[in-house]
There are 2 protein chains.
Amino acid sequence: MTDTARIWTAALIVIGDEILSGRTQDKNIAQIATWLGVQGIRLREVRVVADDMDAIAEAVNTLRARNDYLFTTGGIGPTHDDITVDAIAAAVGVPVIVHPQARAILERYYETRGGLTDARLRMARVPEGADLIVNRMSGAPGIKFGNIYIMAGVPSITAGMLDGLTGTLEGGLPLLSTTVGCWVAESEIAELLAQTERAYDGVQIGSYPFFREGRTGANFVIRSTDQAQLDACAAALSDALAAMGREPFAGGI
Amino acid sequence: MTDTARIWTAALIVIGDEILSGRTQDKNIAQIATWLGVQGIRLREVRVVADDMDAIAEAVNTLRARNDYLFTTGGIGPTHDDITVDAIAAAVGVPVIVHPQARAILERYYETRGGLTDARLRMARVPEGADLIVNRMSGAPGIKFGNIYIMAGVPSITAGMLDGLTGTLEGGLPLLSTTVGCWVAESEIAELLAQTERAYDGVQIGSYPFFREGRTGANFVIRSTDQAQLDACAAALSDALAAMGREPFAGGI
């Protein structure tokens, strides 16, 4: 059942000192944003917070209340700096327990790899009442608690968790997009863009300038949940650019 | 004058639908985080918000109050979706004016490029009372208002604005780091990491696992403002790994 009128929103909390120090380039924002778009869910806000109980809990409680879904990435490994499960459990006011199915997955995995130590067992801990998110790619499950989806920091592992969630979250109409590129300074056609956007209900135009090979250009990304509006808006913009003697490139440059 | 005991903090707001849609991979978080680290300032939190007046204003007012510095990226171009200056002016309660020096820079730049149109003049708008951040690389200035530093969305332009700011912000001791890599599952040495961290005051150890060529390994990033503590901790960790028969790699793998 899809409610076409309602917009479904999600927030994402990226947890980790390694992102805030600049050591690691985040890949999960773009990965999760793209995946959510396909599910018909808009990523409305992202926060990057440190490996800090209070910082995580504050972000969790603010964002889970005002979005349909909340995703987190990072901090669910076996070491002392992996505090995401504890912080989320504290935020929602439940104890942390060892999930029997997660324990069984770990026992199986470590059977031939030195056995299930206390440190490894940390990875089976979940907020009480949570379910696991099956990961058929790497085996490492994610955790679902209410509207909170707890994912790994390593992007390839998160990809497997998203795969396990695909098609299970209720969303609205996917936000469609099309791109028109042009070798034009965006400042030359700022008014045209604003007029064109106003002329098509529910359509948004984003303008993304670039400088390549000594030339100025821009890609205009048109977004709507309505394919017909999207196509009509893209055609109108392309015609207007052509009328100015500026060749439009369907799909962008 | 550097106060060595005090920790200086910054927050960053990344403004733009293109990041939240997954279309554009953000590069500014890592760039600004790294630059801040060199200035002796910790990036404490990041928010990614949509091109939306209220969302920007809420983030600005929350984060500027609880950090020494607030940076923003994105939304300062000439088109209708560039609303950062308006949103920040509204958040701090001042009108938007055209900055005379910014106008002069634009007039000079567009003298041979079709002249300064209304759309282009938008890029000279600042919150009243703001100063410009000189950009000797691309010419496009950033904007400084109180403790708010307003930067471009295009990472190469932001790089020039950061260059203009280098050495002008008061900070504390830079956070130093060193990395020890090892072909070991982090779950095998979780307790060792926690013990080692506890043994060295003011030192933090982050554990970053990876999977390469079918093998499991991890990099352990040790951070401190004190070089001697850092070196002693790295040596202790390396010795302990070697004693387990696991070769440590200085600098990481």
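Residues numbered from 1 in each chain as written. Chains lettered and ligands numbered in written order. Predicted model: local features only at pLDDT ≥ 70, side-chain atom pairs only at ≥ 80, totals over all residues. Heavy atoms only, no water.

Considering the pairing of strand S9 (residues 176–182) of chain B
Residue and element names in this part refer to chain B.
Line of reasoning, step 1. As defined by bridge partners, S9 adjoins strand S11 (residues 215–224) across seven bridges and the pair is classed as antiparallel. Paired with Thr-178 across the bridge in S11 is Ile-222.
Line of reasoning, step 2. Strand direction decides the pairing type here: S9 and strand S12 (residues 248–250), joined by three bridges, are antiparallel. Of the residues in S12, the one forming a bridge with Gly-181 is Phe-249. (Pairing = 2+ DSSP bridges. Helix = DSSP H or I, 4+ residues; strand = E, 2+ residues; numbered from the N terminus.)

Quick word on the domain arrangement of chain A
Where interface size is given, it is often the accessible area lost as the parts come together that is meant.
Line of reasoning, step 1. Each assigned domain of chain A is listed with its residue range as follows: domain 1 (8–165) and domain 2 (176–250).
Line of reasoning, step 2. Taking the mean C-alpha position of each, domain 1 of chain A and domain 2 of chain A sit 38 Å from one another. (Domains from an automatic or database assignment.)

Considerations on helix H9 (residues 227–243) of chain B
Along an α-helix, a turn takes 3.6 residues, which lines up residues three or four apart on a common side.
Residue and element names in this part refer to chain B.
Line of reasoning, step 1. Given a rise of 1.5 Å per residue, 17 residues ought to cover 24 Å, and the 24 Å separating the end C-alpha atoms of H9 matches this to within 8%.
Line of reasoning, step 2. By the burial criterion, the buried members of H9 are Leu-230, Cys-233, Ala-234, Leu-237, Ser-238 and Leu-241. Along H9, the residues classed as buried sweep out an arc of 130 degrees about the axis, all on the same side. Exposed and facing more than 90 degrees away from the buried side of H9 are Ala-228, Asp-239 and Ala-243.
Line of reasoning, step 3. Here the buried face of H9 lies against S9, helix H8 (190–199), strand S10 (204–212), S11 and S12.
Line of reasoning, step 4. The residue sitting at the N-terminus of H9 and contributing the capping side-chain oxygen is Asp-226; that oxygen lies 2.9 Å from the backbone nitrogen of Ala-228.
Line of reasoning, step 5. Two residues or fewer after H9 comes Gly-245, characterised by a positive phi angle close to 80 degrees. (Expected span 1.5 Å × (residues − 1). Buried < 20%, exposed > 50% of the residue type's maximum accessible area, 1.4 Å probe, protein only. Arc of directions from axis to C-beta. Contact = heavy atoms within 4.5 Å. Polar contact = N/O pair within 3.5 Å; in protein donor to acceptor, adjacent residues only side chain to side chain.)

Quick word on the pattern of salt bridges
For side chains of opposite charge, pairing can occur when their charged atoms come near one another.
Residue and element names in this part refer to chain B.
Line of reasoning, step 1. As enumerated under the stated definition, the model contains 19 salt bridges over all chains in all.
Line of reasoning, step 2. We note a salt bridge from Arg-47 to Glu-58, for which the minimum N-O separation is 4.0 Å. Separated by 11 residues along the polypeptide, Arg-47 in strand S2 (residues 41–49) and Glu-58 in helix H3 (residues 53–65) bring together distant segments of the chain.
Line of reasoning, step 3. On the basis of relative accessibility, which here comes to 35%, the residue Glu-58 falls in the partly exposed class. (Salt bridge = Lys/Arg side-chain N within 4 Å of Asp/Glu carboxyl O.)

Looking at the relation of the copies chain A and chain B
Line of reasoning, step 1. Of the transformation placing chain A onto chain B, the axial shift is 0.0 Å and the rotation is 180 degrees, giving an RMSD of 0.0 Å. Here the symmetry operator amounts to a two-fold rotation axis. For chain A, the minimum C-alpha distance to the rotation axis belongs to A:Arg47 and amounts to 2.2 Å.
Line of reasoning, step 2. In this assembly, 100% of the residues forming the interface of chain A have copies in chain B that are likewise at the interface, indicating an isologous arrangement. (Least-squares fit on C-alpha atoms with pLDDT ≥ 70 in both.)

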